[in-house]
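Residue strings, one per chain:
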Number of protein chains: 2
Amino acid sequence: MSHTATTQDEKRPPVVDDRHVDPHSYPEGVAFLDGQYLPMSQAKISVLDWGFLHSDATYDTVHVWNGRFFRLDLHLERFFGGLEKLRMTIPFDRDGVTEILHNCVALSGHRAAYVEMLCTRGASPTFSRDPRQAVNRFMAFAVPFGSVANAEQLRRGLRVAISDKVRIPPASIDPAIMNYHWLDLVRGLYDAYDRGAETALILDFNGNVAEGPGFNVFCVRDGKLSTPSIGVLPGITRRTVFDLCGEEGLAAAATDVSVAALREADEVFITSTAGGIMPVTEIDGIQVADGKVGPITSRVMALYWQKHDDPACSSQVNYP
Amino acid sequence: MSHTATTQDEKRPPVVDDRHVDPHSYPEGVAFLDGQYLPMSQAKISVLDWGFLHSDATYDTVHVWNGRFFRLDLHLERFFGGLEKLRMTIPFDRDGVTEILHNCVALSGHRAAYVEMLCTRGASPTFSRDPRQAVNRFMAFAVPFGSVANAEQLRRGLRVAISDKVRIPPASIDPAIMNYHWLDLVRGLYDAYDRGAETALILDFNGNVAEGPGFNVFCVRDGKLSTPSIGVLPGITRRTVFDLCGEEGLAAAATDVSVAALREADEVFITSTAGGIMPVTEIDGIQVADGKVGPITSRVMALYWQKHDDPACSSQVNYP
């Protein structure tokens, strides 16, 4: 009898509910969307938005450390540059976006945050296939600061694998437009996990090293730094390394970096807004030099975090 | 006084609202998400989902015409193939997904529908950077049938421009995994609009013709059909053209199609689940042959729509 009842219940025709009941949980944070400040659980995008269906969106991520934004001006410059290249418009200028970002962080209460501003193409009410009929949508959010490398990895260095996946070339997607086209990087990451590594580097279309999921890579040889020049994310942390090298009298160049050059380096590190400067001490299961975090890496890491107190590079969040 | 009041009002610190009030409107339809059937206005994805932030998702789109799914088995096969390649799992097998798709269409009431099934990597509650910690999310929806070409364009043929944007190569993103990496296609579309065309074709990395936003392209020369072979969407409509050619004794080949070959063709058409087979009669402002929809294109179009009544290729939606 109960079996029959269950079967009948399963056969009950479905109904359309009014409202989605979301069973998932989200990190603590505050988002801005359609003029409202909202908890992260409410920060959602329509499945019909071109930003999702066609990854037709641009963004930028800035971090807050010790209650201060780091190099927000550079992130805003890059974000507005991407909007222009994608012919998107938002109803805010730089001051307007700055105010929204401050509010997201202040309302979240986070003293260390990962803060993203983004714009999607949007959608038209008719689901038109003409992107010019879509209404562009701006969103921002602040969540707790996250790092590519955890505390242990920062101390002993990351274990990285080089995948044979090829980073989407600039002739297809201009990397100067910050974009969400990451399947190559995600698949590279799975390649790395398969080989027991913690993260991945993937190649450019010439077979040189390009970048990893959300980070640039540097190598040090005979005291000179080098980092891939083409087809890579124009990282603000990467740029900060060049600035620090200039101040410290260290040689640094953007150039081709072969897989061999990376393997033979004295030191290797990666750079990202999500974590700053992070040492790499193992590549494809083989130690980089003696397998310890090198002196130049350590020095640049220290200088990088010192910069966070410099008013020329950072600004206090307007907490209430 | 009122000016002062306004200024004070503007300075009022923002508050975090409980719930998003969505000012946008959406097409009529029904979505499935987290076990619920919902109106399209509720079909949303978290901004923190890897499916949005990293375009880490796969999907398939099938259409319903005259109340019948067309070649649903092929779309399901391709979708489940993509899931496997991306190492995603969903709590439904093919029968389960089939039932959900039927329910979405039946509940929407649409007799002609564009029906999408998709899976995103999801997100972890901690916003971890490890995709293995994300909970994959399946979603489906049915909205009114849409076409790349409107009624007038189907009658007189589309005006297409060839952009110099290069389709993301297979070494970066495997096109056999249906994916949302479309910025190259979107930018090609804007190039086309700039030149007064209605849609775009973009190139492969060898400079041959690849595809357009959501469609494959065929050309006809001396009675023989050809379509690009590499780095393109493995379209079900494209496959159906090959099937029809086999049945009709027409020669069809997947091969390199140069820009010159396309310009010198007797006939050109595009194929997509969104519209079927659609004639192209103008390329970069120059007529294809005599600028009229050609006889082979017309014949394949007619055969394509006839197939929609064939029980071997279509199945009745389970309307209540």
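Computed from a predicted structure; not experimentally measured.

A. Seen up close, the overall build of chain A. Per the secondary structure count, chain A includes nine helices and 17 strands. C-alpha extents for chain A along the principal axes are approximately 75 × 50 × 40 Å. Out of the 320 residues belonging to chain A, those deemed buried represent 51%. Contacts spanning at least 24 positions in sequence make up 69% of the contacts within chain A whose residues lie at least 6 apart.

B. Broad picture of the interface of chain A and chain B. Listed per partner, the contact involves 67 residues of chain A and 67 residues of chain B. Within the residue set of the side of chain A that touches chain B, elements represented by two or more residues are strand E1 (30–33), strand E2 (36–39), strand E3 (44–46), helix H2 (50–53), helix H4 (94–108), strand E7 (137–144) and helix H6 (183–194) of chain A. By residue number, the principal contributor to the side of chain A that touches chain B is H6(A), which donates six residues. Looking at the side of chain A that touches chain B residue by residue, the class counts come to 42 nonpolar, 14 polar and eleven charged. Sheet analysis places E3(A) next to strand E3 (residues 44–46) of chain B, joined by three bridges and oriented antiparallel. If you follow Lys44(A) over to E3(B), its bridge partner there is Ser46(B).

C. Summary view of unusual backbone geometry. Residues and elements named next belong to chain A. Positioned with a positive phi, Ser55 is a non-glycine residue whose angle comes to about 45 degrees. Position of Ser55 relative to the elements: it lies in the loop between H2 and strand E4 (57–65). Phi is positive for Arg87, close to 55 degrees, though the residue is something other than glycine. Position of Arg87 among the secondary structure elements: in the loop between helix H3 (72–85) and H4. Look at Arg87 and you get partly exposed, because 14 C-beta atoms sit within 10 Å.

D. Expanded view of the sheet that holds strand E4 (residues 57–65) of chain B. Residues and elements named next belong to chain B. Pairing is antiparallel in the open sheet, where seven strands are placed in the order E2-E1-E7-E6-E4-E5-E17. The sheet is open, and its two borders are formed by strand E2 (36–39) and strand E17 (314–316), each paired with just one other strand. The average angle at which neighbouring strand axes cross in this sheet is 25 degrees, direction not considered. Where E4 and strand E6 (residues 113–120) come together, eight bridges link them in antiparallel fashion.

E. Representation of the relation of the copies chain A and chain B within the structure. Once turned by 180 degrees and shifted 0.0 Å along the axis, chain A lies on chain B with an RMSD of 0.0 Å. Taken together, the rotation angle and the small translation identify this as a two-fold axis. The share of interface residues of chain A whose copies in chain B are also at the interface is 100%, consistent with both copies meeting through the same surface.

F. Representation of the domain arrangement of chain A within the structure. All names here are of chain A. Structurally, chain A comprises domain 1 (30–144) and domain 2 (151–309). Here domain 1 and domain 2 have C-alpha centroids that lie 26 Å from each other. Contact with domain 1, which involves 21 residues of that partner, is made by twelve residues of domain 2. Sorting the residues of the side of domain 1 that touches domain 2 by element identifies E4, strand E5 (68–70) and H3 as the ones contributing at least two each. Here the element with the most residues in the side of domain 1 that touches domain 2 is E4; it accounts for eight residues. The class makeup of the residues in the side of domain 1 that touches domain 2 is eight nonpolar, eight polar and five charged.

G. Summary view of the nonpolar core. Core analysis: the biggest nonpolar cluster contains 189 residues, and Ala31(A), Cys104(A), Phe141(A), Ala31(B), Cys104(B) and Phe141(B) have the highest contact counts within it. With residues near it in sequence (within four places) discarded, Ala31(B) still touches Val47(A), Leu38(B), Met40(B), Gln42(B), Ala43(B), Cys104(B), Met139(B), Ala140(B) and Phe141(B).

H. Here's a closer look at the packing of helix H7 (residues 236–248) of chain B against helix H9 (residues 295–306) of chain B. Residues and elements named next belong to chain B. Packing of H7 against H9 leaves a shortest axis separation of 10 Å and a crossing angle of 105 degrees. One element, H7, and the other, H9, form an angle in the roughly perpendicular class. Within the contact between the two elements, H7 uses Thr240, Val241, Leu244 and Glu248 and H9 uses Val300, Leu303 and Tyr304. Across the contact of H7 with H9, the residue classes break down as five nonpolar, one polar and one charged.

I. Spatial organisation of H4(A). Residues and elements named next belong to chain A. Its 15 residues place the ends of H4 21 Å apart at the C-alpha level, agreeing with the 21 Å of an ideal helix rising 1.5 Å per residue. Of all the positions in H4, only Val97, Ile100, Leu101, His102, Asn103, Cys104, Val105, Leu107 and Ser108 are classed as buried. Those residues of H4 that are buried are in contact with E1, E2, E4, H3, strand E6 (113–120) and E7. Downstream of H4 by a residue or two, Gly109 has a phi angle that is positive, lying close to 80 degrees.

Rules of the game
- Residues numbered from 1 in each chain as written.
- Chains lettered and ligands numbered in written order.
- Predicted model: local features only at pLDDT ≥ 70, side-chain atom pairs only at ≥ 80, totals over all residues.
- Helix = DSSP H or I, 4+ residues; strand = E, 2+ residues; numbered from the N terminus.
- Buried ≥ 20, exposed ≤ 12 C-beta atoms within 10 Å, placed from the backbone.
- Contact = placed C-beta atoms within 7 Å.
- Nonpolar A, V, L, I, M, F, W, Y, C, P; charged D, E, K, R; others polar.
- Pairing = 2+ DSSP bridges.
- Axes fitted to C-alpha atoms, helices over the stretch in contact; angles between N-to-C directions.
- Least-squares fit on C-alpha atoms with pLDDT ≥ 70 in both.
- Domains from an automatic or database assignment.
- Core = buried A, V, L, I, M, F, W, Y, C linked by C-beta atoms within 7 Å.
- Parallel < 35°, antiparallel > 145°, perpendicular 65-115°, else oblique.
- Expected span 1.5 Å × (residues − 1).

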